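Listed here are the chains, written in short residue letters.
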Number of protein chains: 2
Amino acid sequence: MDFKTEFKPLTVQPEEIEVKSFEMITEELGAHSFTQEQYPVVQRVIHASADFELGRSLVFHPRAIEAGIAAIRGGKRIVADVQMVQVGVSKPRIHKFGGDVDVYISDPDVMAEAKRLNTTRAIVSMRKAVKEADGAIYAIGNAPTALLELIRLVKEGEARPGLIIGMPVGFVSAAESKDELRKLDIPFITNIGRKGGSTIVVAAINALSIMAAAEA
Amino acid sequence: MDFKTEFKPLTVQPEEIEVKSFEMITEELGAHSFTQEQYPVVQRVIHASADFELGRSLVFHPRAIEAGIAAIRGGKRIVADVQMVQVGVSKPRIHKFGGDVDVYISDPDVMAEAKRLNTTRAIVSMRKAVKEADGAIYAIGNAPTALLELIRLVKEGEARPGLIIGMPVGFVSAAESKDELRKLDIPFITNIGRKGGSTIVVAAINALSIMAAAEA
């Protein structure tokens, strides 16, 4: 590519930027009560949001990290509620273990069923996923209705997720759906309150896959 | 799909949830100094983040909204820095006017050039975009290096964006890149500080396309 102006090479490499960012996060966060295993997820969520309040609001089921690492190493599927989560997850480490990221929300049968039942595609996509992806990591960053339906299916014994990462963002039902998730005794990663979103869920998965690859 | 348990139809429809969310945002935000034209962008950014601090930190060039609406109506391209922004943007309203969302960061020539120059793919993707997408809306939610390179190309007279939406998130260079953007006298939407991200940039574009479609 030809340009009239000179190109200045970078003086700081991307890897150095990440290291420096992570140091800043640890220093600014200060004292916290997360375990050593949970902290990489907290750190990467703060890195993706620049929001310490959001980072501090994370809540982990006691078996969440080991369950997430085991699912990734076992090549289990990751089920995302929306395409933004699907494309955001770093794939090489997931593929290395034979896994991949699926999203069902735009499948023709899901769209047809949602119309027939007069409900959301997010809900129907969870009903399809639990039939196809036993032991999967469910990554929900957008739709509280998807998370509430998944929780219902778990309670009814129709879903057996390996891990639920449930951090939908929003003003109606988002915080409430996370309150329900925290009552389950299966592995989950969530947060308290309205904040969350696709980039946050992606950060959590990427942190888990880095741990899975590093310790393997 | 067969399930053992009964499906409960939704009592609240998604459209009602959005209306209720937007009412809550307006009520909780209270007094602000955004114009009537800017407010839909602020509202949708808060909706996507549940973060009033982030919403209040938005800064608009005086011509930003009219420039964004004109670009969308004129079928100009939207250039995203990362795929998460590309897939997150609601397409029907963009396509209606003949536009689309492009992302260059994984193009083979961009990857090769970045390696050759020992720089980031984000930087090289901007250099390619300005040659191919005159008058485009640039939507940068992830890479401060992309935003800094785009600003440099504007100053050198090598880029003529219709609008720059620059809200990368991060601890190193993100806030600084936005400080530089605010010094330009071309249409921009940005914010003050470290926060931002793909979902925030997507929210801003969706707000603009709704305005473009509604007033057309």
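One numbering rule holds for all chains: residues counted from 1, following each sequence as written. Key to labels: chains lettered from A, ligands numbered from 1, both in the order written. Totals for whole chains, interfaces and linings use all residues, but because this is a predicted model, local features are given only for residues with pLDDT of at least 70 and pairs of side-chain atoms are given and counted only at 80 or more. Only hydrogens and water are removed before side-chain values are computed, so all heavy atoms of the structure are retained for them.

Draft legend 1. Inspection of helix H2 (residues 39-49) of chain A at higher detail. The classification of residues rests on relative accessible area computed with a 1.4 Å probe and restricted to protein chains. Under 20% of the type maximum is buried, over 50% is exposed, and intermediate values are partly exposed. Segments assigned H or I by DSSP are reported as helices when at least four residues long, segments assigned E as strands when at least two residues long, and all are numbered from the N terminus. With nine of 11 residues buried, H2(A) is to be regarded as a mostly interior element. Within H2(A) the residues assigned to the buried category are A:Tyr39, A:Val41, A:Val42, A:Gln43, A:Arg44, A:Val45, A:Ile46, A:Ala48 and A:Ser49.

Draft legend 2. View of the UniProt feature "domain: Cobalamin biosynthesis precorrin-8X methylmutase CobH/CbiC" (unreviewed entry) in chain A. The feature "domain: Cobalamin biosynthesis precorrin-8X methylmutase CobH/CbiC" (unreviewed entry), as annotated in UniProt, sits at residues 16-209 of chain A in this numbering. With 55% helix and 11% strand, the stretch residues 16-209 of chain A has end C-alpha atoms that lie 20 Å from each other. UniProt positions are given in the numbering used here, feature names are shortened, and annotations may be inferred rather than shown by experiment.

Draft legend 3. Representation of the sheet that holds strand E2 (residues 78-80) of chain B within the structure. All names here are of chain B. Paired strands, as defined in this entry, are two strands with at least two bridges between them according to DSSP. The sheet built from six strands is open, its strands ordered E1-E6-E5-E4-E2-E3 with mixed pairing. Edge positions in the open sheet fall to strand E1 (58-60) and strand E3 (101-103), since each of these has one partner strand only. For this sheet, the mean inter-axis angle between neighbouring strands, taken without regard to orientation, is 20 degrees. Taken together, the three bridges between E2 and E3 define a ladder with parallel strand orientation. Residue Ala80 lies in a different strand from E3, and its bridge partner there is Val103. Where helix H10 (residues 174-181) meets the sheet, it contacts strand E5 (163-166) and strand E6 (188-191), and its direction lies at approximately 145 degrees from that of E6. The axes are straight lines fitted to the C-alpha atoms, using for helices just the contacting stretch, and the angles between their N-to-C directions are given from 0 to 180°. Note on contacts: a residue pair qualifies if any of its non-hydrogen atoms lie within 4.5 Å across the two residues.

Draft legend 4. Structural context of the pairing of strand E5 (residues 163-166) of chain A. All names here are of chain A. By the alternation rule, side chains of E5 split into Leu163 and Ile165 and Ile164 and Gly166, which are all buried. Bridge analysis of strand E4 (residues 137-140) against E5 gives four bridges, and the strand direction is parallel. Bridging from a neighbouring strand, Ile140 pairs with Gly166 of E5. In this region the chain leaves E4, passes through helix H9 (residues 144-155) and returns to the parallel neighbour E5; the handedness of that crossover is right-handed. Relative to strand E6 (residues 188-191), E5 runs parallel, the two being bridged by three bridges. Among the inter-strand pairings, Ile164 is bridged to a residue of E6, identified as Phe188. By definition, the crossover connecting two strands over a helix is right-handed if that path, from the first strand to the second, turns clockwise as seen with the strands pointing away from the viewer.

Draft legend 5. Main features of the interface of chain B and chain A. In this assembly, 53 residues from chain B lie in contact with 53 residues from chain A. Buried area: the accessible area, evaluated with a 1.4 Å probe, that two parts lose upon being put together, summed over both parts. Carbon and sulfur atoms supply 67% of the area buried between chain B and chain A, which totals about 4,800 Å² over both sides. Each salt bridge in this description consists of a side-chain nitrogen of Lys or Arg and a carboxyl oxygen of Asp or Glu lying within 4 Å of one another. At the boundary of chain B and chain A, one finds four salt bridges. For B:Lys195, the salt bridge is made with A:Asp51, and the minimal N-O distance between the two is 3.8 Å. Polar contacts here mean pairs of N or O atoms no more than 3.5 Å apart (in protein, one a potential hydrogen donor and the other a potential acceptor; neighbouring residues in sequence count only if both atoms are side-chain atoms). For the pair chain B and chain A, the number of links is two residue pairs in polar contact (both at pLDDT 80 or more). Elements supplying a minimum of two residues to the side of chain B that touches chain A: helix H1 (14-29), helix H2 (39-49), helix H5 (83-88), helix H7 (108-117), helix H8 (121-132), helix H9 (144-155) and helix H11 (198-215) of chain B.

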